[in-house]
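Letter by letter, the chains look like this.
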Amino acid sequence: MGLVTRLSWRNLVRQKKRNLFLGICIGFGMMILVVANSFSHGMVDVLINEVVSYAFGHLVVDGTQGNSYFTMIRDKERIVKIIEENIKPEDLLEINENLGMMGRAVGNGEADNVVVVGVTIEEDEKYFFNDFFTLLDGNFDDYFSTDYEYPVIVSSAMAKSLNVKVHDTIKIRIPMVTGQIQAAKLTVIAIADASNTFMNMVLFMQGYRVKELLGYKPWESASLQVTLRDPLKTAKYYADILHEKLKPGVICVAGKIGRADCQLVAFKHHDQAKEALRAEVTIVAGDPEKAWEKRGVMVSKALAQKLGLKAGDKFNYSYQTKFRGIYEEEFTVDAIYDSRTKLGADVLLVNEERIHDILNTYLPAEFQEFLAEDDPLYTALATEWKLLRRSKDSQELEKLYKNERKNKSTQSRLNIITMYEGASDILKLEAVLNLLTMNAVLILFFIILIGVVNTLRMTIKERTREIGTIRAIGMQKRDVRNVFIMETLFLTALSCIAGVTLGIVVIKVLGAFTFNSTGALSIILKDGRLVFKLAPLSILGNFLLILVIACVTAYFPARHAANLSAVEALRHYE
Amino acid sequence: MNVIEVQGLKKDYPLGKTIVHALRGIDFSVEEGAFLSIVGPSGSGKTTLLNIIGCIDHPTAGRVRIHDQEISELNDKQITDLRLHRIGFIFQSFNLIPVLNVWENVEFPLLLMKDKRKEEIAARVERLIRAVGLLDYMAHKPAELSGGQRQRVAIARALVGNPDIVLADEPTANLDSETSESILKLMRELNEAERTTFIFSTHDPEVLKYAGKIVKIKDGMIVGQE
């Protein structure tokens, strides 16, 4: 041990009572910091892992259309395949449909608002609910039963609110994707205590049953929730990859008019796109104005000649759908055009607003490649869906959706969101809580450190002759200063370590209590207990910050001590 | 060869609105290996003179040369180094570091030098503690020692760095006559054994019989040398 260190340590031990008192104050401050920090981490962890990740998924592929609040992915199989192909199997835990809708439920003489949530569980995963519920009555196994009409698991709070028991019926009215209102009877098969308050208003039902209720076709899906092994590390990374891989192609559907093969290509319904197309397409017959309108249909000169079509003629276009056999649609030729581009071949050029609804409902078996992304015409042609730009946070996401809902286009939209963007407000809450805690603790520490400074000044006054002696013997000013700084650092560091240890003990004790709360507190409880999550890096950072503050605070009195004149110091008598 | 040369040394202190002339023009020199006593009544300027020679105080006027080095030309760091390597101090009130034991107090200047090996330090400390007769008290703290023992520790500490000069300000003032005699004998023995120059102040005539040379001082001026 160096001389300066040894002197500092011995001096620290020398004034036991005074330093013990100060140490207790610092340790207490550190304990509060650890407890508060762990509490805010734990709270956010509960909100993220128990609420956000289930309500939102680590990563979501969200499909929307028009101004509907329903999420809708028309070709689930295709999107799931893209997800599975682009997320490493070791990082991908599962892909679930986010099936849920708010409705009005009526029990035995009582009514309440409920959220019907579809959770697809296989029979071999029947213990799934044990993680979230404590079964009070009924049997989770009946969740898979076909003997009941829409079997549901109900929280005890909701069962009380609707005045229902196991095997009672709940009548429900719920909106469907089609815009109609669905009425159904649900059978209570289990009543359970929810692990957090958000689950109180949820009625859980098998996913396929909820899809049926809400009017989704089997091949359709609500937004897809991707659960990752390590979302913190991989969610944004995979979101960016999926965003790249989900770039849509141009709408080009191979079909037939009569016996002739043709390709249906859609153009975008906005002025800029139409301008670009007008430069490449010459209307040779028909009504040019009508042709560029919302329901406009144009046939290439080559195709018109082949089929003997004239402007104003009606014809049937048919194509092979993916799930519903052959689909046929009647069109009227608004114009015949000529083009030296690929559009000049056997192409049926249709305004996107005429075709999106048809293609959404009757998904083509295949979309053909028509133009490369770098083709000048590419931006003028409509795509299978609109891929929304990635949002930085929940505000940006909300703004984006708000703008999109104003857009009256019938084109479906896809969006890739991670919970860190979608639930960024909750994550900000953690930052705000930490900041508040840190500020409170810093104020506490500044008060404590004023105590440190005063103590140090007192100590220096008491040791003035000693300072004179060691300076006379030959200790440099810098070393004298360091003796006092190090003494403060020792005191602060040891107190902080004791504070952290005590904080951990307090966390364990507080975490062991069970609260029977159904109020606001229950939001942050898990199984009735407060959740604390130690954040070692954050604590280490705070610890270092406090050491720096202690060092800076001790510096000035220590420098004063070092600058004392040796001869004056030696003359000093208490 | 002169180890110390003092010329025209003056020191004034402000005391309220008046100026106290502690030293009024001192000239003298000290030869290497001397055992010199500065004698004078209280307030005559003995301590001030020793402080200036020991480089812990600055003169108002005049020059002090130690081994031909003009002290006023040195900055604080160099002066601190000079004190560490060339000057040992023995104080009237011993001024040991209370949190360090006997061994550590004696070792203190050597550790400050930072260029000594562990073995060298241990050997030197042990030799000095043996020389002052405190081998059995090595682990004792100053509070556990008598006044005489504390002063012996102070002597060992002053000598451990092998300085050219040891300055002792009234080293026996807080000791009984028997202990004072033993301390002075010890200082004299070490002066002869180590060839270290000793300068000590006293106002006790009994102490003078041990001095090799005596400088008499009164009202800040030298009034005689023997």
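From a predicted model like this one, the values you see are computed outputs, not experimental measurements.

Trainee: Tell me about the overall build of chain A, and name the residues and values.
Mentor: The helix and strand tally for chain A stands at 17 helices and 22 strands. Looking at the 574 residues of chain A, the share that counts as buried comes to 53%. By element, 56% of the accessible surface of chain A is carried by carbon and sulfur atoms, the whole surface being about 27,300 Å².

Trainee: Please give an account of the pattern of salt bridges that cites residues and values.
Mentor: Residue and element names in this part refer to chain A. Scanning the entire structure with this criterion turns up 41 salt bridges over all chains. For Glu-568, the salt bridge is made with Arg-571, and the minimal N-O distance between the two is 3.4 Å. Of this pair, Glu-568 and Arg-571 both sit in helix α17 (residues 566-571), three residues apart, roughly one helical turn. Under the relative-accessibility criterion, Glu-568 is labelled partly exposed at 49%. Overall, the relative accessible area of 38% leaves Arg-571 in the partly exposed class.

Trainee: For the sheet that holds strand β18 (residues 347-351) of chain A, give the residues involved together with the corresponding values.
Mentor: All names here are of chain A. Pairing is mixed in the open sheet, where eight strands are placed in the order β13-β17-β14-β18-β12-β11-β15-β16. In this open sheet, the two edge strands, each paired with only one partner strand, are β13 (281-286) and β16 (326-332). Across the sheet, the mean angle separating the axes of adjacent strands is 35° when strand polarity is ignored. Inspection of the sheet shows strand β14 (residues 297-300) paired to strand β17 (residues 335-339) by three bridges, in the parallel sense. Along β17, the bridge assignment pairs Val-299 with Ile-336. Running at roughly 80° to β13, helix α7 (residues 271-280) makes contact with β12 (260-267), β13, β17 and β18 of the sheet.

Trainee: An account of the sheet that holds strand β10 (residues 221-225) of chain B is requested, with residue identities and associated values reported.
Mentor: Residues and elements named next belong to chain B. Across the sheet, which stays open at both edges, the six strands sit in the order β6-β7-β8-β3-β9-β10 with mixed pairing between neighbours. Of all strands in the sheet, those with a lone pairing partner are β6 (87-90) and β10, marking the two edges. For this sheet, the mean angle separating the axes of adjacent strands, direction not counted, is 20°. Of the pairings in the sheet, the one linking strand β3 (residues 35-39) to strand β8 (residues 197-202) comprises five bridges and is parallel in character. Bridge assignment links Ile-38 to a residue of β8, and that residue is Ser-201. Sheet strands in contact with helix α2 (residues 76-86) are β6 and β7 (165-169), and its direction is about 75° off that of β6.

Trainee: Residue-level account of the environment of Val552(A), with values.
Mentor: Residues and elements named next belong to chain A. In this structure, Val-552 sits in helix α16 (residues 536-562). Among the residues examined, Val-552 registers a relative accessible area of 47% and is labelled partly exposed. For the pair Val-552 and Ile-485, spaced 67 residues apart in the sequence, the C-alpha separation amounts to 8.6 Å.

Trainee: Describe in detail the state of the cysteines, supporting the description with residues and values.
Mentor: When the sulfur atoms of two cysteines share a covalent bond, that bond is a disulfide. Residues and elements named next belong to chain A. Counted according to the given criterion, the structure contains zero disulfides over all chains. Left unpaired, Cys-262 is separated from the closest cysteine sulfur, that of Cys-252, by 9.5 Å. On the accessibility criterion, Cys-262 (5% relative accessible area) is buried.

Trainee: How would you sum up the side chain of Thr469(A)? Please name residues and give values.
Mentor: Mapped onto the secondary structure, Thr469(A) falls in helix α14 (residues 464-473). Setting aside residues no more than four positions away along its own chain, Thr469(A) makes contact with Leu570(A), Phe91(B), Asn95(B) and Arg157(B).

Trainee: Now, about the packing of aromatic side chains: what can you tell me, with residues and values included?
Mentor: For the structure on display, the rule yields 15 aromatic pairs over all chains. Taking the centre distance of 4.7 Å and the plane angle of 5° together, the rings of Trp219(A) and Phe323(A) count as stacked. Taken as a pair, Trp219(A) in the loop between α5 (207-214) and β10 (224-228) and Phe323(A) in the loop between β15 (314-320) and β16 lie far apart in primary sequence, 104 residues in all. What makes Phe323(A) partly exposed here is its relative accessible area of 31%. Centre to centre, the rings of Phe89(B) and Phe91(B) are 5.7 Å apart; their planes meet at 5°, and the pair counts as stacked.

Trainee: Help me get a handle on the packing of helix α13 (residues 424-462) of chain A against α16(A), residues and values and all.
Mentor: Residues and elements named next belong to chain A. One can describe the packing of α13 onto α16 by two numbers: an axis separation of 10 Å at closest approach and a directional angle of 30°. As judged from the angle between their axes, α13 and α16 are roughly parallel. Considering the relative orientation of α13 and α16, their crossing is right-handed. Residues Met-438, Leu-442, Phe-445, Phe-446, Leu-449, Val-453, Leu-456, Arg-457 and Ile-460 of α13 lie in contact with α16, whose contacting residues are Asn-542, Leu-545, Ile-546, Ile-549, Ala-550, Thr-553, Ala-554, Pro-557, Ala-558 and Ala-561.

Trainee: Explain the nonpolar core to me, and be specific about the residues and the numbers.
Mentor: Membership of the largest hydrophobic core comes to 61 residues, with the highest contact counts inside it found for Met475(A), Phe108(B), Ile155(B) and Met187(B). Beyond its immediate sequence surroundings of up to four residues, Phe108(B) is in contact with Leu3(A), Leu7(A), Ile470(A), Ile473(A), Met475(A) and Leu100(B). One finds Val3(B), Ile26(B), Ile52(B) and Ile71(B) within the second-largest nonpolar core, a separate group that totals 35 residues.

Trainee: Give a description of the pairing of β14(A) that names residues and reports values.
Mentor: Residue and element names in this part refer to chain A. Across the two faces of β14 the burial is the same, with Val-297 and Val-299 and Met-298 and Ser-300 all buried. One ladder, built from three bridges, connects β14 with β18; its direction is antiparallel. Opposite Met-298, over in β18, you have Leu-349 as the bridge partner.

Trainee: Kindly report on a nonpolar patch on the surface, identifying the contributing residues and their values.
Mentor: Taken together, Val505(A), Val509(A), Leu510(A), Phe513(A) and Phe515(A) make up a surface patch of nonpolar side chains, about 410 Å² in accessible area. Of note, Phe513(A) is situated in the loop between α15 (477-512) and β21 (525-526).

Trainee: With reference to specific residues and values, describe the pairing of strand β11 (residues 252-257) of chain A.
Mentor: Residues and elements named next belong to chain A. Two strands pair when backbone bridges link them, and β11 and β12 are joined in this way by six bridges, in the antiparallel orientation. Bridge pairing links Lys-256 to Asp-261 in β12. Linking two consecutive strands that pair antiparallel, namely β11 and β12, is a turn of two residues; a positive phi of about 65° is found at Gly-258 within it. Relative to β15, β11 runs antiparallel, the two being bridged by three bridges. Its bridge partner lying in β15, Ile-257 is registered against Tyr-317.

Trainee: Summarise unusual backbone geometry; cite the residues concerned and give the values.
Mentor: Phi is mostly negative for residues that are not glycine, and the peptide bonds are mostly trans. All names here are of chain A. In the Ramachandran plot, Asn-163 falls in the positive-phi region, its phi being about 60° despite a non-glycine side chain. Along the chain, Asn-163 falls in the loop between α4 (156-162) and β7 (169-175). Residue classification places Asn-163 among the partly exposed residues on the basis of a relative accessible area of 43%.

Trainee: Tell me what's going on with the packing of helix α5 (residues 147-160) of chain B against helix α6 (residues 177-194) of chain B, and back it up with residues and numbers.
Mentor: The description of two packed helices rests on the angle between their axes and on the distance between the axes. Residue and element names in this part refer to chain B. Remark: α5 packs on α6, axes separated minimally by 10 Å, with the N-to-C direction vectors making an angle of 15°. The angle between α5 and α6 falls in the class roughly parallel. Crossing handedness for the pair α5 and α6: right-handed. For the pair formed by α5 and α6, the contact residues are Gly-148, Gln-151, Arg-152, Ile-155 and Leu-159 on the first element and Thr-179, Ser-182, Ile-183, Leu-186, Met-187 and Leu-190 on the second. A class-by-class count of the residues in the contact of α5 with α6 yields six nonpolar, four polar and one charged.

Rules of the game
- Residues numbered from 1 in each chain as written.
- Chains lettered and ligands numbered in written order.
- Predicted model: local features only at pLDDT ≥ 70, side-chain atom pairs only at ≥ 80, totals over all residues.
- Heavy atoms only, no water.
- Helix = DSSP H or I, 4+ residues; strand = E, 2+ residues; numbered from the N terminus.
- Buried < 20%, exposed > 50% of the residue type's maximum accessible area, 1.4 Å probe, protein only.
- Areas by Shrake-Rupley, 256 points an atom, 1.4 Å probe, with all protein chains shown as cover.
- Salt bridge = Lys/Arg side-chain N within 4 Å of Asp/Glu carboxyl O.
- Pairing = 2+ DSSP bridges.
- Axes fitted to C-alpha atoms, helices over the stretch in contact; angles between N-to-C directions.
- Contact = heavy atoms within 4.5 Å.
- Disulfide = S-S within 2.5 Å.
- Phe/Tyr/Trp six-rings, centres within 6.5 Å; stacked < 30°, edge-to-face > 60°.
- Parallel < 35°, antiparallel > 145°, perpendicular 65-115°, else oblique.
- Left-handed = near helix turned anticlockwise from the far one by under 90°.
- Core = buried A, V, L, I, M, F, W, Y, C linked by side-chain atoms within 4.5 Å.
- Patch = residues over 30% accessible without salt bridge, like charges linked within 9 Å, V, L, I, M, F, W, Y side chains within 5 Å.
- Nonpolar A, V, L, I, M, F, W, Y, C, P; charged D, E, K, R; others polar.

So, to be careful, I would describe these as geometric facts and stop short of saying anything about function.
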